Amino acid sequence: MATTDTPEASPPKTPESSPSPPKSSGKDWAQILLSRLDAINGSLNLSASAKTKGKKGKKEEQDPETAVDDTEDLFDDDVVEEKRKTGGYIRRRLSNNLRSGRHGGNADAETAPRKFAKVEAVLPFAFHPNVQPLTISDLESCVALENAAFPDPEHRCTREKFEYRLRTCPELCLGLFCTVVPSEIKDTGFEIETLPTAHPVETNRADGAKSVLLAHIVATRSNDEVVTDAAMDYPRDFRTRKGRNDTGLGHQADGKTVCLHSVAVHPKLHGRGLGKLIMKAYLQQQKGSAAAERCALICQNYLVRYYERFGFEHRGPSQSAFGGGGWHDMVIDVEDMP
C-alpha cells in the first residue's frame, strides 16, 4: 500500500552547484550570481537555438521573465528546461535586492538558491537529509509516521506488520532522516510525531541531537508480479518460527518482485520533493543490487500518474481487497529503473 528519467547529459552548472565563492560583501556575491546566471542563460539559449534551427513557424519559447521557479517539484529531465525559464526570475530577484540595498549580512543565505528551499520553508531548522536502511530499532518511528501520513486507519500498516518486515527483511526497507536538536525547536511551536520516537545521533552528544524519520519505504519479496493480499499479510508465528516461511504469507525470500507496502512522507512535508527523493534512492538501490526483477505497489487512482512519472507501468485495477479495495497495480521492471 502506497501513498504518495535520468537525463542523457548533466545540466549546466547553476550557482548552487558552482565552487564556493570568494569571501566578499553581500553585494559582491549577488553580482557574481548575476554574472553566472547570465552565462548559464546564454549557454542554454545557444543550445535551444541549435535544436530549433530550420524549424519555421515554431512557437517561440516562453519568456524567461514570466516564468515561475518550481523546479523542486519537477523530475530531472525537466530541470534543464525549467532552469532556463526560471533564470530570468532569479536574476530579477537578485537585481531587486541590489537596488533595494538588501545585501548585508549573510548574502549566501539570502540570495543563493537552496536545493531544499521548499522543505526548509516549513522546517525551523536546516534540512540535511540522510537516506539509510531501516532496522527494527526504527519500529516506533515507522508506526508514528504511518499514523500521521494516513488519516484512514484502514489504509495503515499495523505495528505487527512493521515489526515482521523490519525483523524479516530490513534490507528492503529505507528511511529518510534529518538531524534535529530538540532545544532549537522548543519555542518554535513546531511539532512532528516522529521526534519523541527518534534515536540520538550520537551517545552523550552535548546538544542531544536526534535522527528524526521524515519518510520511509517498507517492502517484502513476492513470487507474484503484482502486490497481492497474501504478500501484504504475515505469518502470525513469525516471532517464534524457525526456518523457512512455508505459509505463503508475507515475505518470500526467493521472490523476484519487491512489493512496496508502505510509502509514507510526513504530511507536513507533502509537496516538498521528499517522496521523489526517497523513491528514486530506493529504485536506484534495487537496480544496483540486481537481486530483483521488478518492484510493485498498489495505489489509489489519483496517484497513478504520480508513480508513472518514476517509470511504473499501470497494470489496471488491483485484485487486493486491503482497506476496502479500490487500488491500482503499478509495476516497474529493473531495466526501467532510474
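Just above sits the structure.
Okay, so let's go over this structure. (Residues numbered from 1 in each chain as written. Predicted model: local features only at pLDDT ≥ 70, side-chain atom pairs only at ≥ 80, totals over all residues. Heavy atoms only, no water.)

## Here's the deal with the overall build of the chain
What counts is decided by this rule: For helices the rule is a DSSP run of H or I covering at least 4 residues; for strands it is a run of E covering at least 2, with both sets numbered from the N terminus onward. Burial classes: relative accessible area under 20% of the type maximum marks a residue as buried, over 50% as exposed, and values in between as partly exposed (1.4 Å probe, protein chains only). For the area figures, the Shrake-Rupley method with a 1.4 Å probe applies, and any residue is considered shielded solely by the protein chains shown.
The secondary structure content of the chain amounts to ten helices and eight strands. Out of the 338 residues belonging to the chain, those deemed buried represent 43%. Here the chain has roughly 17400 Å² of accessible surface; of this, 49% comes from carbon and sulfur atoms.

## Quick word on the environment of A149
Locating A149 in the fold gives a position in helix α5 (residues 139-149). Distance from A149 to K268, taken between C-alpha atoms, is 9.0 Å for residues 119 residues apart in sequence.

## Description of the nonpolar core
This is how the line gets drawn: Take the buried Ala, Val, Leu, Ile, Met, Phe, Trp, Tyr and Cys residues and link them wherever side-chain atoms come within 4.5 Å; each set so joined is a nonpolar core. We call two residues in contact whenever any of their non-hydrogen atoms come within 4.5 Å of each other.
Ranked by size, the top nonpolar core spans 44 residues in total, and within it L260, M279, Y307 and F312 carry the most contacts. Listing elements by their share of this core, those giving two or more residues are β2 (174-180), β4 (210-222), β5 (257-265), α9 (274-289), β6 (294-299), α10 (304-308) and β8 (328-333). Other than its neighbours up to four places away in sequence, M279 contacts I217, L260, V263, L297, Y307, F310 and F312. Membership of the second largest hydrophobic core comes to 15 residues, among which are V143, L145, F150 and V218.

## Notes on the state of the cysteines
Where we set the bar: We call a pair of cysteine sulfur atoms a disulfide when they lie within 2.5 Å.
For the structure shown, the criterion picks out zero disulfides. Take C295: it sits in no disulfide, and the sulfur closest to it among the cysteines is that of C259, at 8.8 Å. Using a relative accessible area of 0% as the deciding quantity, one classes C295 as buried.

## Let's talk about unusual backbone geometry
Phi angles above zero are rare outside glycine, and N204 is one such case at about 60°. Mapping N204 onto the fold places it in the loop between β3 (199-200) and β4. Located in the positive-phi region is A290, a residue other than glycine, with phi close to 55°. By secondary structure assignment, the location of A290 is in the loop between α9 and β6. With a relative accessible area of 65%, A290 lands in the exposed category.

## Here's the deal with the packing of aromatic side chains
Our working definition: Geometry of aromatic contacts follows a simple scheme: Phe, Tyr and Trp rings, the Trp one being its six-membered ring, pair when their centres are within 6.5 Å, and the pair is stacked under 30 degrees between planes, edge-to-face over 60, tilted otherwise. Think of it as a cone above the ring: NZ of Lys or CZ of Arg counts as a charge over the ring if it is within 6 Å of the ring centre and within 35 degrees of the ring normal.
Applying the stated criterion to the full structure yields ten aromatic pairs. Judged by centre distance (5.4 Å) and plane angle (70°), the rings of Y164 and F238 are edge-to-face. Within this pair, whereas Y164 is found in helix α6 (residues 159-168), its partner F238 is found in the loop between α8 (229-232) and β5, the two being separated by 74 residues in sequence. The same class applies to Y164 as to F238, namely buried. With a centroid separation of 5.8 Å and an interplanar angle of 80°, the aromatic rings of Y307 and F312 are classed as edge-to-face. Members of the aromatic cluster, joined through ring pairs, are Y306, Y307, F310 and F312. The ring of Y234 is capped by R236, whose NZ or CZ atom sits 4.2 Å from the centre of that ring.

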